[in-house]
Amino acid sequence: MKLLALSLLVAFSAQAHAQPTLEATGRWQHQPVGTAPTPPMGWSSWNAFRVDITEQKVLDSARVIVDSGLAAAGYRSINVDDGWWLKRRTADGRLQVRTGLFPSAATGADTSLRPFTDRIHAMGLKAGLYTDIGRNACSQAYDADSPNLPEGTAAEREVGLMGFMRQDVALFFGEWNFDYLKVDGCGLSSYGRDRPHVASGQYREYKPTIVEGNINQSDVDGTRKLYAGLRDALREVRPRGDYVLSVCLWGTVNVRSWGQDHGTMWRTSRDIANSFSQMVHNFDTVATREFYAGPGRWNDPDMLEIGNGEFDGSHLLEARTHLGLWAIAAAPLMIGTDLSKASPALIDMLKAPEVIAINQDPAGHQGVIAYADSDRQILVKTLADGRKAVLLFNRTGVTAKFTLTAEHLKMDAAAPIALRDAWARADAGTFTGSKEFELQPREALLFTATGRHLLPRGYFVSERPGNVYVARDGIRALEQDPIGYRALASWSTTDNGGTRPAYAGWGGPRADSTPYDQALSVQRQVFRHGVGVLADSRLQVQVAPGSQRFTARVGVDDSTRGKTAAVSFEVWGDGRRLAATPPMKFNQPARELGADLRGVRLIELIARQHGAEPAGPVVVTWGEARIE
Ligand code: GLA
């Protein structure tokens, strides 16, 4: 009995969510991994060729990237995905390149990708490579019939980083001079004893520590530690930080929260495919994570499928929608098609300068959902010069009507708002108050908007999410995120019990919404603008220079699960406590909280819970949180 109780305790504590300190630190805590002030852009071999990859195919697309002006438009990283390796030489652990596919790597017994990266660099481009954090890669589990898989004994087939982290990182970034590394996680998920490729003795068993769609059976801390080791190895080999580290864990193991501290970008969902519904599904996995991205750290809904399947040259509307969504989400833009076969129209589309400018805007704010139902969405992204980018998205197969309002844009309804069509690169008139649109099936319109801000001399915290670092999210037990379009994966069928919510991170802070997707509301006072978060949280907010004052109307949100515990609200500036409320409870009116920000560069918004709350998390609202 005692033993059982003990083992239950151990299992439970393995799932408990380790929380960083609630106390203000006074310094911006995000430490960039690598360098990417704006979302990384480039081309990757995977969506175009899977493991059927050759050096020539990569170079052909790289050539088009340069000649067509795509490189000038920003697409500069040429990334070799899975399929480049032959084996790990067991005598010294050195990885061997498959020279049959990469002839320039046949430099002698060692083989080397340096001639390849030299060529890419000589073209003015950057070079990227792929590996896995475990012993084996994804192709070895999922492309078992390919002739291009690593060869030899089980040990020789262990081409992943596990056990060889420092050696491989030194090889990739030192000797071979790559600039970008994508690190997958199949080695941790797909080599259980029950898998045929393991049962047959081809690969060594690795008891899965990632179980997709099952956060409680996944080892969050263990996975995180492996990626921390990788990050530290990279920092050692490339102390100048001139690289991109792409974490590929498909939204599992709560990577949607910790990715920003372990990589330059991190995948938030399973693999994209060239179907519209899967693209929408992937988009949804980033759309509610606005506070986790910003300059140097990017949510990654996966590589583009433009040019393929439902986004090919005869589906330019869908292709534009795909790019528009990635643009408003400040997502990395990795072309995933064989560019040597792409039509001029498609290449032009990929270059669309005003669309790319929205994606690459230096302020690095991800678009925030201003309106959403199952069929329509409106997202708004604050640009560095104060304009807004706005995307209207008809998710359905029929035409749909939209009303865009000044309020969506956080602009004054009494002043004219000028729209510019980012695709047409043309002014699209002005309106006052609101404007009607009718969108084609699957269409997304993308504009920039100029108008008078709702606040004459300030801005809402929720419209600059890239200035926020979630130091502590208040989540006590990790939960799957039920929000999002549940697409049937292209490699699956409807005979499997249904697609289920799969991504941990439910309950993280949100802009203009509670963490659980309700309207912000304190004792029935509804706030259209504000930040929703769970108690025992700390949000760091970078303050625009010259700011004078922070104000918010704070309280326990009406949607709270825990209705008894009290919460106090504190504002700290550069490590000093500036203002606080007494403990407040559910169904008490919102209180005004203000702080003098003169000379302050960083504020920390702390919601401190008093006492335990067995009924569940206490949801709190920083209503109208603004900086003036
Ligand atoms: C995983 C990744 C893909 C791709 C393949 C390669 O599925 O998520 O993006 O890299 O592995 O095998």
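Residues numbered from 1 in each chain as written. Predicted model: local features only at pLDDT ≥ 70, side-chain atom pairs only at ≥ 80, totals over all residues. Heavy atoms only, no water.

1. A short note on the packing of aromatic side chains
Now for step 1: According to the stated counting rule, one finds 17 aromatic pairs in the structure shown.
Now for step 2: Here phenylalanine 173 and tyrosine 243 contribute two aromatic rings whose centre-to-centre distance is 6.0 Å and whose plane-to-plane angle is 65°, an arrangement assigned as edge-to-face. Of the two residues, phenylalanine 173 is situated in helix α7 (residues 165–175) and tyrosine 243 in the loop between α10 (220–237) and β7 (244–248); the sequence distance between them amounts to 70 residues.
Now for step 3: Classification of phenylalanine 173 by relative accessible area gives buried; the value is 2%.
Now for step 4: Overall, the relative accessible area of 2% leaves tyrosine 243 in the buried class.
Now for step 5: Here the aromatic residues Trp84, Trp85, Tyr130, Phe172 and Trp176 are joined through ring pairs into a cluster of three or more.
Now for step 6: The ring of tyrosine 516 has arginine 561 lying over it, and the distance from NZ or CZ to the ring centre is 4.1 Å.
Now for step 7: Directly above the ring of phenylalanine 586 sits lysine 563, whose terminal nitrogen or CZ lies 5.9 Å from the centroid. (Phe/Tyr/Trp six-rings, centres within 6.5 Å; stacked < 30°, edge-to-face > 60°. Helix = DSSP H or I, 4+ residues; strand = E, 2+ residues; numbered from the N terminus. Buried < 20%, exposed > 50% of the residue type's maximum accessible area, 1.4 Å probe, protein only. Lys NZ or Arg CZ within 6 Å of the ring centre and 35° of its normal.)

2. With respect to the confidence of the model for the protein chain
Any region with low pLDDT has predicted coordinates that should not be read closely.
Now for step 1: Here the protein chain averages 95 in pLDDT, and 97% of its residues register 70 or above.
Now for step 2: Looking at the elements of the protein chain, mean pLDDT is at its lowest for helix α1 (residues 2–15), recorded as 40, and at its highest for helix α15 (residues 353–359), recorded as 99. (pLDDT = per-residue confidence, 0-100.)

3. Quick notes on the side chain of asparagine 299
Now for step 1: With respect to the helices, strands and loops of the structure, asparagine 299 is situated in strand β9 (residues 298–300).
Now for step 2: Side chain to side chain, asparagine 299 and tryptophan 266 meet in a polar contact 3.2 Å long.
Now for step 3: With near-sequence residues (within four places) excluded, asparagine 299 lies in contact with Trp266, Thr268, Val286, Arg289, Tyr292, Ala293, Ala331, Pro332 and Gln366. (Polar contact = N/O pair within 3.5 Å; in protein donor to acceptor, adjacent residues only side chain to side chain. Contact = heavy atoms within 4.5 Å.)

4. Looking at the site of the ligand
Now for step 1: Around the ligand sit 13 residues in total, of which Asp81, Asp82, Lys182, Asp184 and Asp271 are the nearest.
Now for step 2: Aspartate 184 has a polar side-chain atom sitting 2.8 Å from an oxygen atom of the ligand.
Now for step 3: In the model, an oxygen atom of the ligand is placed 2.5 Å from a nitrogen or oxygen of the aspartate 271 side chain.
Now for step 4: Compared with its free state, where it exposes 310 Å², the ligand has 94% of that area covered by protein.
Now for step 5: Here the ligand is seated within the largest pocket. (Near = heavy atom within 4 Å. Areas by Shrake-Rupley, 256 points an atom, 1.4 Å probe, with all protein chains shown as cover. 1 Å grid on protein atoms, 1.4 Å probe; cavity = no way out; pocket = protein on both sides within 12 Å on 5 of 7 lines; lining within 4 Å. Sits in = over half its atoms within 2 Å of the grid points.)

5. Considerations on the sheet that holds strand β20 (residues 468–472)
Now for step 1: Read across the open sheet, the 5 strands follow the order β20-β27-β32-β29-β30; overall the sheet is antiparallel. The sheet terminates laterally at β20 and β30 (576–580), the two strands that pair on one side only. Going across the sheet, the axis of each strand differs from the next one's by a mean of 25°, ignoring polarity.
Now for step 2: Pairing between strand β29 (residues 566–573) and strand β32 (residues 602–610): 8 bridges, direction antiparallel. Within the sheet, the bridge partner assigned to glycine 573 lies in β32 and is isoleucine 603. (Pairing = 2+ DSSP bridges. Axes fitted to C-alpha atoms, helices over the stretch in contact; angles between N-to-C directions.)

6. Regarding the layout of surface pockets
Now for step 1: Considering only enclosed or pocket space, the largest pocket measures out at about 1100 Å³ in volume.
Now for step 2: Lining of the largest pocket is provided by 49 residues; of these, Glu212, Arg270, Asp271, Ala489 and Trp491 occupy positions nearest its centre.
Now for step 3: Elements with a contribution of two residues or more to the lining of the second largest pocket: α12 (276–287), β11 (368–372), β12 (376–382), β23 (510–511) and β25 (525–527).
Now for step 4: Counting residues per element, the lining of the second largest pocket draws most heavily on β11, at 5 residues.
Now for step 5: Residues of the lining of the second largest pocket, tallied by class, amount to 16 nonpolar, 9 polar and 12 charged. (Points joined across faces, edges and corners; volume = space filled by probe spheres on them. Nonpolar A, V, L, I, M, F, W, Y, C, P; charged D, E, K, R; others polar.)

7. Here's the deal with the state of the cysteines
Now for step 1: A complete count under the given rule lists 1 disulfide for this structure.
Now for step 2: Residue cysteine 138 pairs covalently with cysteine 186 via a disulfide, S to S 2.0 Å. Where cysteine 138 bonds to cysteine 186 through sulfur, the torsion about that S-S bond is close to 90°, and the disulfide is right-handed. Within this pair, whereas cysteine 138 is found in helix α6 (residues 138–142), its partner cysteine 186 is found in helix α8 (residues 186–189), the two being separated by 48 residues in sequence. You'll find cysteine 138 and cysteine 186 in the same group, each marked buried. (Disulfide = S-S within 2.5 Å.)

8. Structural notes on unusual backbone geometry
Now for step 1: For tryptophan 250, which is not a glycine, the phi torsion comes out positive at approximately 55°.
Now for step 2: You can see tryptophan 250 is positioned in the loop between β7 and α11 (255–262).
Now for step 3: At lysine 410, a position not held by glycine, the phi torsion is positive, near 55°.
Now for step 4: For lysine 410, the position within the fold is in the loop between β14 (400–405) and β15 (417–421).

9. Regarding the pairing of β29
Regular strands place their side chains on alternate faces of the sheet.
Now for step 1: Summarising burial for β29: 8 of the 8 residues are buried, a large majority.
Now for step 2: Where burial is concerned, the two faces of β29 agree: the one with Ala566, Ser568, Glu570 and Trp572 and the one with Val567, Phe569, Val571 and Gly573 are both buried.
Now for step 3: Examined bridge by bridge, β29 and β30 share 4 bridges and lie antiparallel to one another. Looking at the pairing, glycine 573 lines up with arginine 576 of β30.
Now for step 4: Remark: 2 residues form the turn of the hairpin made by β29 and β30, two consecutive strands paired antiparallel; aspartate 574 in that turn has positive phi of roughly 45°.

10. Considering α7
Now for step 1: Residues of α7 that are buried: Met165, Asp168, Val169, Leu171, Phe172 and Phe173. Around the axis of α7, the buried residues are gathered within 165° of arc, so they sit on the same side.
Now for step 2: Packed against the buried residues of α7 are β3 (85–88), β4 (95–97), β5 (126–132), β6 (180–184) and α10.
Now for step 3: In the segment just after α7, asparagine 177 is the residue with positive phi, at about 65°. (Arc of directions from axis to C-beta.)

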